[in-house]
Every structure is written in structure tokens, then in C-alpha cells.
Amino acid sequence: MKIFINDKPLDLVASLDFLPKKSFECVYDNPSELPATIDFHDDVLIKNPSKDIIVRLLYLMRTRKLKNLDSITLVTNEKKALKKFIKSRFMIIKAAGGLVTKEDKILFIYRLGKWDLPKGKFEKKESPAICAIREVEEECNIQVRIKEPICKTWHTYTQNRKSILKKTYWYSMDCLTDAKMKPQTEEGILDVKWLNHQDAKVALINSYPSMRYLYKRFLRLHPAIHQTL
């Protein structure tokens, strides 16, 4: 489980599945206290965190901008219980969206000063797939067909003083027709644009870390995108 908190990734990993592919600058094993904020920099590893430590960590990540922090990884023997505990600290909202392709191009939207991907919240009794299709078609005024699921992303934000954890289901999609494509301006979308892989990488610089993570997952399913340059 990877949660983006203030655009910083927090990974929750089971001990048996922990096969680090990177080095960690800060390592803490079963800490009784959190280190001083200044100690959090680059990639941080915390082994066997208690629930009390997780509460303090979530508060720290939500309320402070840890400019020198790249990521935090929690490794535990109780992943299922801690995942449930972390989710209990938030109001959960579900959403779905899509990465839409047309030949060698991917569909991006421009909203709130950043490049993003079309998505939106569930309506009553809606399935993730139906929600994803509806939101993409409404936000971009196109018609699409789902190909396959990509992954789920989690990110947090505050609304009306409530801590929200949004779970978004993402799907790979084909464009059926874009003859009347236009941005859904009432949702704050200013532009809708087809971008090739190189342009997408540039656009993602002015986007969210969760979108860059999602795009990497998408490329694993569609390696041919690399070959179109």
C-alpha cells in the first residue's frame, strides 16, 4: 500500500515482501519516539512501527512540509492490521479514472495549474469500471472503452477540517471517438490534450507525484509506448 501524503509517498510493506531496491538514508527499528523533524530526509525506513508511532507520523506528514523528505517506508509483520488502522484515521472516498490512448498518444487534462488525468468520485451503487468510463467521458467529452485495470492510488487531503483518504481505481482505456473533445470547464478543467510519451514526461514534471507513479505503472503494461519515439 502506497499513500501520498502532502505529495510524499508512504509505503506500507509486509516484512516477508520487503526486498529493497534502494538504499535508505535514515533507518529506525521499533522506535519508541519519532526522531526530530530535521532528521527526516531523503528515503526513510521505519521497521516495526507501533500504532502510536504511526499516528504521530501521519500527523507530522499532514501538517508539515518535509522539504528534504523523498519517501517513508514502513516494514511490519502486521501489515493487514496496520493498513486497517491507517485507513481508520481518515474518511475514505472512492474514485476512478483512466489513462486513455489513441495510437501513440495519451490523454491529459489541465486543471488547477497542473497536468492531470481524468478521474472522479463514485456515484451511488456505481462500480469502479463504470465510474471510470463515466468520469473520463464527462470530463473530456469523448467515448472510451476499458482495456484493463492498472492499479489503485491513495492520496490524502483536508476538506472542511476532515482528513480525507481518496482511493482511486485506474484503468487503461482506448479512445473510440474524440470528434467533439473538449474540457469540462465547470469542473475546473481548462484544457484536454493528446500527448506523446516525450511530451507526457515533460507534462508530468508539472503534475502530482501520484500521477508520475501511476504513469510508470501504466508503462509497465504498455512498453510499446517507449518505442514510438
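Report on the accompanying structure. (Residues numbered from 1 in each chain as written. Predicted model: local features only at pLDDT ≥ 70, side-chain atom pairs only at ≥ 80, totals over all residues. Heavy atoms only, no water.)

**Some thoughts on unusual backbone geometry**
In this model, Asn30 sits at a positive phi of 50 degrees, which is unusual for a non-glycine residue. Mapped onto the fold, Asn30 is located in the loop between strand 3 (26-29) and strand 4 (42-47). For Asn30, a relative accessible area of 51% translates into the label exposed. One non-glycine residue, Glu103, lies in positive phi territory at about 60 degrees. Here Glu103 lies in the loop between strand 6 (91-102) and strand 7 (105-111). (Helix = DSSP H or I, 4+ residues; strand = E, 2+ residues; numbered from the N terminus. Buried < 20%, exposed > 50% of the residue type's maximum accessible area, 1.4 Å probe, protein only.)

**Regarding the nonpolar core**
In this structure, Leu10, Val44, Ile46, Leu57, Ile72 and Leu74 are the most contacted members of the largest nonpolar core, which totals 25 residues. Sorting the residues of this core by element identifies strand 1 (2-5), strand 2 (8-14), strand 3, strand 4, helix 1 (51-63), strand 5 (69-76) and helix 2 (79-88) as the ones contributing at least two each. Top element by residues in this core is helix 1. It accounts for 5 residues. Sequence-distant contacts of Leu10, that is, excluding residues within four places in its chain, are made with Met1, Lys2, Ile3, Ile5, Leu57, Leu58, Met61, Ile72 and Leu74. (Core = buried A, V, L, I, M, F, W, Y, C linked by side-chain atoms within 4.5 Å. Contact = heavy atoms within 4.5 Å.)

**Points about the packing of helix 1 against helix 2**
Interhelical geometry of helix 1 versus helix 2 gives an angle of 40 degrees and a closest axis separation of 11 Å. Comparing the axis directions of helix 1 and helix 2 gives the class oblique. The way helix 1 lies across helix 2 gives a crossing that is right-handed. Between helix 1 and helix 2, the residues in contact are Lys51, Ile54, Val55 and Leu58 and Leu82, Phe85 and Ile86, respectively. Of the residues that constitute the contact of helix 1 with helix 2, the class distribution is 6 nonpolar, no polar and 1 charged. (Axes fitted to C-alpha atoms, helices over the stretch in contact; angles between N-to-C directions. Parallel < 35°, antiparallel > 145°, perpendicular 65-115°, else oblique. Left-handed = near helix turned anticlockwise from the far one by under 90°. Nonpolar A, V, L, I, M, F, W, Y, C, P; charged D, E, K, R; others polar.)

**Looking at the packing of aromatic side chains**
A complete count under the given rule lists 6 aromatic pairs for this structure. An angle of 35 degrees between the planes, with centres 5.8 Å apart, marks the rings of Phe122 and Tyr169 as tilted. Taken as a pair, Phe122 in the loop between strand 9 (119-121) and helix 3 (128-140) and Tyr169 in strand 11 (residues 162-177) lie far apart in primary sequence, 47 residues in all. Owing to a relative accessible area of 16%, Tyr169 belongs among the buried residues under this scheme. Here the basic side chain of Lys114 rests over the ring of Tyr208, its NZ or CZ set 5.5 Å away from the ring centre. (Phe/Tyr/Trp six-rings, centres within 6.5 Å; stacked < 30°, edge-to-face > 60°. Lys NZ or Arg CZ within 6 Å of the ring centre and 35° of its normal.)

**Comments concerning the pattern of salt bridges**
Within the structure shown, the criterion is met by 15 salt bridges. In this structure, the salt-bridge partner of Arg111 is Glu139, at a minimum N-O distance of 3.3 Å. Placement of the pair is Arg111 in strand 7 and Glu139 in helix 3, with a sequence separation of 28 residues. As far as the burial class goes, Arg111 and Glu139 line up, both buried. Between Lys193 and Asp191 there is a salt bridge, with the nearest N and O atoms lying 3.9 Å from each other. With a relative accessible area of 35%, Lys193 lands in the partly exposed category. Residues joined by salt bridges that share partners form a network here, namely Glu123, Glu126, Arg134, Glu135 and Glu138. (Salt bridge = Lys/Arg side-chain N within 4 Å of Asp/Glu carboxyl O.)

**With respect to the side chain of Ser210**
Note that Ser210 resides in helix 5 (residues 209-221). The residues touching Ser210, leaving out its near neighbours within four places in the chain, are Phe4 and Thr153.

**Section: the pairing of strand 6**
On a regular strand, one side chain projects to one face of the sheet and the next to the other, so that they alternate. Pairing analysis gives 11 bridges linking strand 6 to strand 11, with the strands arranged parallel. In the sheet register, Ile92 faces strand 11, and the bridge partner there is Leu165. Here strand 6 runs beside strand 9; their pairing, made up of 3 bridges, is antiparallel. Opposite Ala95, over in strand 9, you have Lys121 as the bridge partner. Sheet topology places strand 6 next to strand 7; 2 bridges connect them, and they run antiparallel. Its bridge partner being in strand 7, Lys102 is matched across the sheet by Lys105. Linkage of strand 6 to strand 7, two consecutive antiparallel strands, is achieved through a turn of 2 residues, within which Glu103 is found at a positive phi near 60 degrees. (Pairing = 2+ DSSP bridges.)

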